[in-house]
Amino acid sequence: MTYDPSPSYRHHPPPPPPYAPGSRSRRAPRRDPLGHHSDLRILRGAYRRQRRTATLTALGYFTLFLLLSAYAPGLMTGTAVAGLPTGLLLALAQLPVTWLAIALYEYTARRRVDPLADRIRKEAELDARRGAGR
């Protein structure tokens, strides 16, 4: 076998555990790993509510439009404004409702989800720095 001096194959022995016999150094206080942190559960819940709200806004309106088309044809073929059928106006209103759902999604992301994600990201970076410092 030949020796490959590239950095990807360097062997670094693991550091000795802080609880080794004869070691008088103090151990760092034990913290829960980040994956079990309650902030992640809160973040998942906030993201889940955000998705549900935006999805139900867009799909709820579209489902209402389809139900009215199937079960209330008299309403959909009736004239509303300037001789336009009500069904056509409701179909054209789908685009602004979709924009509303997108705006609602972005608003809730900026207000609720992003601050939680930023806080968790900062804690993860801090934990990584603490782990590298040992």
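The rules we used
- Within every chain, residues take consecutive numbers counted from 1 along the sequence as written.
- Local features are withheld for residues below a pLDDT of 70 in this predicted model, meaning they are given only at 70 or higher, and side-chain atom pairs are given and counted only at 80 or more; totals for whole chains, interfaces and linings count all residues.
- The basis for every side-chain value is the complete set of heavy atoms in the structure, and neither hydrogens nor water enter the calculation.
- Put simply, a nonpolar core is a bunch of buried Ala, Val, Leu, Ile, Met, Phe, Trp, Tyr and Cys residues held in one set by side-chain atoms that sit within 4.5 Å of each other.
- A simple rule labels every residue: compare its accessible area, found with a 1.4 Å probe on the protein chains alone, to the largest value its type can have, and call it buried under 20%, exposed over 50%, or partly exposed in between.
- Each helix corresponds to a stretch of at least 4 residues labelled H or I by DSSP, and each strand to a stretch of at least 2 residues labelled E; elements are numbered beginning at the N terminus.
- Two joining distances apply to patches: 9 Å for like charges and 5 Å for nonpolar side chains (Val, Leu, Ile, Met, Phe, Trp, Tyr), and every residue must have over 30% relative accessible area and no salt bridge.
- Throughout, the Shrake-Rupley method with a 1.4 Å probe supplies accessible areas, and for residues the shown protein chains are the sole cover considered.
- One speaks of a salt bridge when a side-chain nitrogen belonging to Lys or Arg is within 4 Å of a carboxyl oxygen belonging to Asp or Glu.
- Helix span, expected: 1.5 Å multiplied by one less than the number of residues in the helix.
- Axes are fitted to the seven residues ending at a residue and to the seven starting at it; the angle between these axes is taken as the bend at that residue.
- In what follows, a contact means two residues having at least one pair of non-hydrogen atoms within 4.5 Å.
- UniProt positions are given in the numbering used here, feature names are shortened, and annotations may be inferred rather than shown by experiment.
- Identification of polar contacts relies on pairs of N or O atoms within 3.5 Å, with a donor-acceptor requirement for protein atoms, meaning one able to donate a hydrogen and the other able to accept it, and with residues adjacent in sequence counted only if both atoms are side-chain atoms.

1. So, the nonpolar core
Ranked by size, the top nonpolar core spans 6 residues in total: Leu43, Ala46, Val113, Leu116, Ala117 and Ile120. With 4 residues, the top contributor of residues to this core is helix α4 (residues 94-132).

2. Looking at a nonpolar patch on the surface
Where nonpolar side chains cluster on the molecular surface, the patch consists of Val81, Leu84, Leu88, Leu89 and Leu92 and spans about 410 Å² of accessible area. Mapped onto the secondary structure, Val81 falls in the loop between α2 (73-77) and α3 (86-92). With a relative accessible area of 54%, Val81 lands in the exposed category.

3. Re helix α1 (residues 38-71)
Helix length check: α1, at 34 residues, gives a terminal C-alpha distance of 47 Å against a target of 50 Å (1.5 Å per residue), a fit within 8%. Of all the bends in α1, the largest measures some 25 degrees and sits at Leu56. Among the residues of α1, those classed as buried are Asp39, Leu43, Gly45, Ala46, Gln50, Ala54, Ala58, Tyr61 and Phe65. Those residues of α1 that are buried are in contact with α2, α3 and α4.

4. What about the UniProt feature "transmembrane region" (unreviewed entry) in the chain?
According to UniProt, the "transmembrane region" (unreviewed entry) feature falls on residues 53-72 and 84-105. Each end of residues 84-105 is marked by a C-alpha atom, and these two atoms are 32 Å apart; helix forms 86% of the span and strand 0%.

5. Considering α4
Two residues of an α-helix separated by three or four positions point the same way, owing to the 3.6 residues in each turn. Its 39 residues place the ends of α4 53 Å apart at the C-alpha level, agreeing with the 57 Å of an ideal helix rising 1.5 Å per residue. Of all bends in α4, the biggest is about 45 degrees, found at Ala109. Taken residue by residue, α4 has Gln94, Val97, Ala101, Thr108, Ala109, Val113, Leu116, Ala117 and Ile120 as its buried positions.

6. Considering the side chain of Asp39
By secondary structure assignment, the location of Asp39 is in helix α1. When its relative accessible area of 9% is taken as the criterion, Asp39 is described as buried. In terms of polar contacts, Asp39 uses its side chain to reach the side chain of Arg119, at 3.0 Å.

7. A look at the environment of Thr98
Assignment of secondary structure puts Thr98 in helix α4. Note: C-alpha distance between Thr98 and Thr55 (43 residues apart in sequence) is 9.4 Å. Within the structure, the side chain of Thr98 is placed 2.9 Å from the backbone oxygen of Gln94, a separation counted as a polar contact.

8. Details of the side chain of Gln50
In this structure, Gln50 sits in helix α1. Excluding anything up to four places from it in sequence, Gln50 contacts Tyr105, Thr108, Ala109 and Val113.

9. Some thoughts on the pattern of salt bridges
Oppositely charged side chains can form a pair if their charged atoms are brought close together. Summed over the entire model, instances satisfying the criterion amount to 4 salt bridges. Between Arg119 and Asp39 there is a salt bridge; the shortest N-O distance is 3.0 Å. Linking Arg119 in helix α4 with Asp39 in helix α1, this pair joins segments that are 80 residues apart in sequence. A salt bridge links Glu106 to Arg110; the nearest nitrogen and oxygen atoms lie 3.5 Å apart. Placement of both Glu106 and Arg110 in helix α4 is noted, with a separation of 4 residues, approximately one turn of the helix.

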